[in-house]
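# A structural walkthrough
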Amino acid sequence: TKREYKICLQDKEDIDCDAIILAVGGTAMGKIAASSPAISSLEASKDFDKLRGVTCVAVRLFLKPDASITDGLGGGLYDKTQLPPDMAQAMKDSPVAVCGANIGGIQELKETGFCIYDLQRMHKEFSIDENSATSENDGGNADADEDEVAVLEVDFYRADDLANMSNDEIANIALEAVAATLGTKKINMDRIIDLAVVRARNAVSHFSPKSAIYSPGVKLDDKGHIYICGDWVDRSGHASWSTEKAVVTGRQAADRLSQDWDLQFSHCDVIPAAEDTAQLSALRKSARLLRTIAPLPNVVPPSPWVFAKEFLSQR
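Residues numbered from 1 in each chain as written. Predicted model: local features only at pLDDT ≥ 70, side-chain atom pairs only at ≥ 80, totals over all residues. Heavy atoms only, no water.

Turning our attention to the pairing of strand E7 (residues 150–157). Burial analysis of E7 places 7 of its 8 residues in the buried class, which makes it a mostly covered element. Relative to E7, strand E4 (residues 53–63) runs antiparallel, the two being bridged by 8 bridges. Across the sheet, Val59 pairs through a bridge with Val154, a residue of E7. One ladder, built from 6 bridges, connects strand E6 (residues 113–118) with E7; its direction is antiparallel. If you follow Cys115 over to E7, its bridge partner there is Asp155. (Buried < 20%, exposed > 50% of the residue type's maximum accessible area, 1.4 Å probe, protein only. Helix = DSSP H or I, 4+ residues; strand = E, 2+ residues; numbered from the N terminus. Pairing = 2+ DSSP bridges.)

Okay, structure coming up:
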């Protein structure tokens, strides 16, 4: 049976298929559409050239563990860390800190936001419990103990300047940013055992007012041959964002393909997002009320709390 598409891989291998799910970023999709008649001819792809991206730099630092273990920490899959105690306490409620631009007067971060992650509390392979079990299985091998590391990751956004720096320069700025954000002592560079830096230039979706109108659904064509997923794709009302949104749309695309092609047992269910907290729900209701009482002229606020701030500043 003749297949609908032929996919040509870089190693010269060809794959014939009836349907395809494209799991790519928005800017990459724009380039694919520009060079693919099969995609550029679709109505859903007409605005792909308007998709924009920002540069992300992610640095993962493998650090000499602190002599003491801080436990009883909240918000993560695991409650222990070997980051310095002052840092552990500053992040006691969550292993993630989301930070805006221009923190700590660091010139390189004037327009660069970032997120901080304590991966010992988030990833099984880095968790203290997992490493302890490995050490016990090795019979208390000293080499196994030497493999213990604290793992800190910092992801920078709108990081064009950082992307041009060396790995060591990026690592040093990351440690400065963490200390400035958390109000803790800066970790010395000599505590870094290893590091990994990923530079994604113009690759991370740039969300701005009205950019959602360029987001397609997970099914691009009427015939059921081309599907798509990513953090820039419409997730059909599911209250997810960023990486979670990419995962959700991936499962939604797989589910839609399974339905269209009558596939069984594909297990593509999506877990509903958590309900808004009481505080966020109150902010949303307040913003809706404020819009009806005194809408701001020619302004579409990006979020309810921004709207409330702008409204109150005019009083």
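For the rest of this paragraph, the subject is the sheet that holds E4. Spatially, E5-E6-E7-E4-E8 is the arrangement adopted by the 5 strands of the open sheet, whose pairing is antiparallel. Lying at the two open borders of the sheet, with one neighbouring strand each, are strand E5 (96–99) and strand E8 (192–205). Averaged over all adjacent pairs, the angle separating strand axes in this sheet is 10 degrees, with direction ignored. Each of E4, E5, E6, E7 and E8 is contacted by helix H7 (residues 167–182), which is oriented at about 90 degrees to E8, the strand it contacts most. (Axes fitted to C-alpha atoms, helices over the stretch in contact; angles between N-to-C directions. Contact = heavy atoms within 4.5 Å.)

Let us now look at the nonpolar core. Note on soluble globular proteins: their nonpolar side chains tend to be buried together. Counting 33 residues, the largest nonpolar core has Phe114 and Phe156 as the members making the most contacts within it. Secondary structure elements with two or more residues in this core: E4, E5, E6, E7, helix H6 (160–163), H7 and E8. Considering each element in turn, this core owes the most residues, 8 residues, to H7. Setting aside chain neighbours within four positions, we find Phe156 in contact with Thr55, Cys56, Val57, Val59, Leu109, Thr112, Gly113, Phe114, Leu162, Ile173, Ala174 and Ala177. (Core = buried A, V, L, I, M, F, W, Y, C linked by side-chain atoms within 4.5 Å.)

Turning next to the pattern of salt bridges. Tallying each qualifying case throughout the model produces 11 salt bridges. With a shortest N-O distance of 3.2 Å, Asp47 and Lys46 are connected by a salt bridge. Owing to a relative accessible area of 16%, Asp47 belongs among the buried residues under this scheme. Here Lys219 ties to Asp260 by a salt bridge, and the two come within 3.1 Å at their closest N and O atoms. Note that Lys219 is positioned in the loop between E8 and strand E9 (226–229) and Asp260 in helix H8 (residues 242–260), a separation of 41 residues in sequence. For Asp260, a relative accessible area of 35% corresponds to the partly exposed category. Among the charged side chains, a network of salt bridges with common partners joins Lys46, Asp47 and Lys50. (Salt bridge = Lys/Arg side-chain N within 4 Å of Asp/Glu carboxyl O.)

This brings us to a negative patch on the surface. A surface patch of like charges, here negative, comprises Glu108, Asp160, Asp161, Asp168 and Glu169. The set of elements that each furnish at least two residues to the negative patch consists of H6 and H7. Looking at the element boundaries, Glu108 is found in the loop between E5 and E6. (Patch = residues over 30% accessible without salt bridge, like charges linked within 9 Å, V, L, I, M, F, W, Y side chains within 5 Å. Areas by Shrake-Rupley, 256 points an atom, 1.4 Å probe, with all protein chains shown as cover. Lys, Arg positive; Asp, Glu negative; His and termini not counted. Charge placed at Lys NZ, Arg CZ, Asp CG, Glu CD.)

What follows is about the layout of surface pockets. Approximately 1000 Å³ is the volume attributed to the second largest pocket. For the second largest pocket, the lining is made up of 37 residues, of which Tyr157, Val204, Ser205, Phe207 and Ser242 are closest to its centre. Going through the elements one at a time, E4, E5, E6, E7, E8 and H8 are the ones with two or more residues in the lining of the second largest pocket. In terms of residue count, the dominant contributor to the lining of the second largest pocket is E8 (6 residues). Along the lines of polarity and charge, the residues of the lining of the second largest pocket split into 23 nonpolar, 9 polar and 5 charged. (1 Å grid on protein atoms, 1.4 Å probe; cavity = no way out; pocket = protein on both sides within 12 Å on 5 of 7 lines; lining within 4 Å. Points joined across faces, edges and corners; volume = space filled by probe spheres on them. Nonpolar A, V, L, I, M, F, W, Y, C, P; charged D, E, K, R; others polar.)

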